[in-house]
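Observations on the model geometry
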Amino acid sequence: MTASYTTRHDDVTAAAGQPTHRDDVIAKTGYTTRRGDFIMAAGLLCLALLLGGGSPISPIQRMIVEIAGVFALGWFFARGWHAPRSRSVTTGLILIGALVLLIVVQIIPLPPGLWRALPGREMIISVLDVVGAGSTWLPLSLDPTATREAGYYLIPPIAMFVATVHLDRDAQLKLILLIVAAAVVSAMLVMIQAQGAMWLTLYDAPHATKGKGIFANKNHNAAMLVVAIPLAAMLGRSALRFAQQSTQRAVTGIVIAILALAVLGCLSRAGIALLPIALLACVPVFGGYALVKRHWKIAVGAAVALMVAAILIAQSSIVKETLDRFGASQEGRYVFWPDVIAAIRQFMPWGSGLGTFVPVFRMSETLNAVHQTYTNHAHADFMEIALEAGVPGLLLVIAFFAWFGVTAWSRLRGRIDAPDFSPMLTAATGILLLLAASIVDYPLRTLLLACVFAVLAAILASPLRFAATPNPFGTGRDAAPRHPRRKARL
């Protein structure tokens, strides 16, 4: 088996006849990444980070990412499956297959007798009878085109999951670095937009609000930022190496502070509610109570600085505006959620078809929920799944929660002192944060966050172990002196 990439450190040690970091990975796991696999995974993730933060009114960007997903899946299909196998990976693939099967079932035309017996179709049946088309074969989905588009949307995250499980742990850490770097860029854009530069946005959106960063929606941007906080802590603690530990801690702290401040600048209530969870997840990553006890003076100083910063930030207009939104009793989603629940009851147990929320909601929308802008999603992803996919969709959600719980428990149980603990904890935390955000929003209906979710799920599912001192970037204390780069012979 050949290595997919070499570092300057590997070149130097290989020339000296010493075992390289890549050799150590192969010796411990028997597996290392192929170069083409990493290029495919990193390329797809970069496209998702650049173009996947938009909305349905950005179809060109979405199409580019979906085509890239097709190429990635084709690459791994042509190369054959060679990723490490485990029960978690196999179960994850089974869940993906079940989701694809659900979409296929929803677009298969059904006999008139069977279709007319489905709940929620009474109004459509009346119209078909009037026009003399009552005997037409129709699929379960009320909008088969929208359901097919929902299937196309799944291609990039499925490809991202498959690509990530084919990578070794060092290559997976490089994907995490890409995610954190994109989050930092988004955080900087939030701060610039907060100064009134609303023209500096990547997507045209009906709501010209601050805090969108690299997204078309500020809530999705806030979700990205809170997920990146524990990932940045893990990279700073375990993966990135600087010449001085003090420099490493300072850089990590600055990155986390930038991300946390940007969450406040997003004006997202969900983001602010999830921010403490993201920050608390950093504590065990940095060593927990033992680290605080060893460096109590630094901990006290940091606590005082955070308190002062919190007091100053609380006086800002941005935070006051966000806090005022927590008390908004006429928030749109609270007004139309009863109508969504009524539609769910109407189409249970089989649902109306994936991607059909907009036309179905208009059938159930009451005058109290009518607004000058239309409702594009339920702003509660689990409710939208119940409406569009019915009981089969909810069973898939329950199955995923079971898979996630069992996998996270098996990866974290009794491993608090192991090298795997921090990466696995941050991956599990990122998944939990996105699932929590889905309770009151729809972050996973953006390709960017869907691909990030897939990367974290694949890292959690992979059976490979992390090295005791991972250094995938060949930097800092563990790196060798400068040496002309040359390819090692295998």
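Structure shown above.
Every value quoted in this text rests on a predicted model; they were computed, and no experiment measured them. Sequence order sets the numbering: in each chain, residues are counted from 1 along the sequence as written. In keeping with the predicted nature of the model, local features appear solely for residues at pLDDT of at least 70, side-chain atom pairs appear and are counted solely at 80 or more, and the whole-chain, interface and lining totals rest on all residues. Side-chain figures throughout are based on the complete set of non-hydrogen atoms in the structure, without hydrogens or water.

**Remarks on the environment of alanine 389**
Within the secondary structure, alanine 389 sits in helix H19 (residues 381–412). We call a residue buried when its accessible area falls under 20% of the maximum for its residue type, exposed when it is over 50%, and partly exposed in between, using a 1.4 Å probe and counting protein chains only. Using a relative accessible area of 2% as the deciding quantity, one classes alanine 389 as buried. Remark: the alpha-carbon pair of alanine 389 and methionine 348, spanning 41 residues in sequence, is separated by 8.8 Å. Apart from the residues lying within four places of it in its own chain, the contact partners of alanine 389 are Leu102, Gln106, Trp350, Gly351 and Leu354. Each helix is a run of DSSP H or I of at least 4 residues and each strand a run of E of at least 2, with the numbering of both proceeding from the N terminus. Whether two residues are in contact is decided by their heavy atoms: any pair within 4.5 Å suffices.

**Considerations on helix H4 (residues 59–79)**
Helical periodicity: at 3.6 residues per turn, an α-helix aligns residues three or four positions apart in one direction. Each helix should span, by expectation, one fewer than its residue count multiplied by 1.5 Å. Counted at 1.5 Å a residue, the expected span for H4 with its 21 residues is 30 Å, and the 30 Å between its end C-alpha atoms agrees. When H4 is considered as a whole, its buried residues turn out to be Val65, Glu66, Ala68, Gly69, Ala72 and Phe76. Within H4, the buried residues cover an arc of 160° as seen down the axis, which keeps them to one side. Exposed positions of H4 whose direction lies more than 90 degrees from the buried face are Ile60, Phe71, Phe77 and Ala78. The inward-facing, buried residues of H4 contact helix H3 (35–51), helix H8 (144–153), helix H9 (155–165) and helix H21 (447–461). Glycine 80 occupies a position one or two residues after H4 and carries a positive phi of about 85°. By arc we mean the arc of the directions from the helix axis to the C-beta atoms, nothing more.

**Re the nonpolar core**
Only buried Ala, Val, Leu, Ile, Met, Phe, Trp, Tyr and Cys residues count toward a nonpolar core, and they belong to the same one when joined by side-chain atoms within 4.5 Å. Met160, Leu175, Ile176, Met224 and Ile431 are the most contacted members of the largest nonpolar core, which has 102 residues in total. Beyond its immediate stretch of four places on either side in the chain, methionine 160 contacts Ala41, Leu44, Leu45, Leu175, Cys451, Ala454 and Val455. Membership of the second largest hydrophobic core comes to 13 residues, among which are Trp337, Ile344, Val360 and Ala380.

**Side note on unusual backbone geometry**
Leave glycine aside and you will find that most residues have negative phi; peptide bonds, for their part, are mostly trans. Cis geometry marks the peptide bond from methionine 348 to proline 349; its omega dihedral reads 10°. Within the secondary structure, proline 349 is located in the loop between helix H17 (332–347) and helix H18 (357–364). Even without glycine at this site, leucine 267 takes up a positive phi of about 60°. Here leucine 267 shows up in the loop between helix H12 (245–265) and helix H13 (269–285). Judged by its relative accessible area of 7%, leucine 267 is buried.

**Some remarks on the packing of aromatic side chains**
Between rings of Phe, Tyr and Trp, where Trp is taken as its six-membered ring, a pair exists when centres lie within 6.5 Å; planes separated by under 30 degrees are stacked, by over 60 edge-to-face, and by other angles tilted. Scanning the entire structure with this criterion turns up seven aromatic pairs. A ring pair is formed by phenylalanine 336 and phenylalanine 361, whose centres lie 5.7 Å apart and whose planes are at 75°; its orientation type is edge-to-face. Note that phenylalanine 336 is positioned in helix H17 and phenylalanine 361 in helix H18, a separation of 25 residues in sequence. As far as the burial class goes, phenylalanine 336 and phenylalanine 361 line up, both buried. Aromatic side chains phenylalanine 400 and phenylalanine 453 sit 5.6 Å apart centroid to centroid with 40° between the ring planes, which places their arrangement in the tilted category. Residue phenylalanine 400 is found in helix H19, and its partner phenylalanine 453 is found in helix H21; the two are separated by 53 residues along the sequence.

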